[in-house]
Amino acid sequence: MAEQKGLVVPIQAIQTGPEQRFVYVIDQNKQAQVKPIQVIRSVGNQALIEGVAAETKIIKEGGQNVRPGAQVIEASRPALAASSAASAQGSK
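Here's what I pulled together on the structure shown here. (Residues numbered from 1 in each chain as written. Predicted model: local features only at pLDDT ≥ 70, side-chain atom pairs only at ≥ 80, totals over all residues. Heavy atoms only, no water.)

Moving on: the environment of Arg67. Of note, Arg67 is situated in the loop between strand S5 (46–50) and helix H1 (78–90). A residue is classified by how much of its surface remains accessible, and Arg67, at 51% relative accessible area, is exposed. Here the alpha-carbon distance between Arg67 and Gln33, two residues 34 residues apart in the chain, equals 8.0 Å. Residues contacting Arg67, with those up to four places away along its chain left out, are Tyr24 and Ala32. (Helix = DSSP H or I, 4+ residues; strand = E, 2+ residues; numbered from the N terminus. Buried < 20%, exposed > 50% of the residue type's maximum accessible area, 1.4 Å probe, protein only. Contact = heavy atoms within 4.5 Å.)

Pasting the structure below:
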């Protein structure tokens, strides 16, 4: 099987419009923008997609509530912070 290249995203990040599949990306002004994509394949809750650069910030959850041009506030990463705090306490 040939190696396939693309970006792996959670399946819930993919939205389906009347003409295409897309993801919402966050632009430099912290606004949501539609980015058309092509799904190469999906396995479980992950999908391999084409059409988005690796460094692009993608809205992974709640896409059904997003509108193009809407201001986006990035969520913090509580799981990562909690993990770091636990590691710090364990090293005392």
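Working definition: an aromatic ring pair is given by the centre-to-centre distance plus the angle between the planes. Tallying each qualifying case throughout the model produces one aromatic pair. Between Phe22 and Tyr24 the ring centres are 5.3 Å apart and the planes differ by 85°, which places this aromatic pair in the edge-to-face class. For Tyr24, a relative accessible area of 7% puts it in the buried group. (Phe/Tyr/Trp six-rings, centres within 6.5 Å; stacked < 30°, edge-to-face > 60°.)

A negative phi angle is the norm for most residues apart from glycine, just as the trans form is the norm for most peptide bonds. Notably, Lys30 is not glycine yet its phi reads approximately 60°, a positive angle. Within the secondary structure, Lys30 sits in the loop between strand S3 (21–26) and strand S4 (32–43). Overall, the relative accessible area of 41% leaves Lys30 in the partly exposed class.

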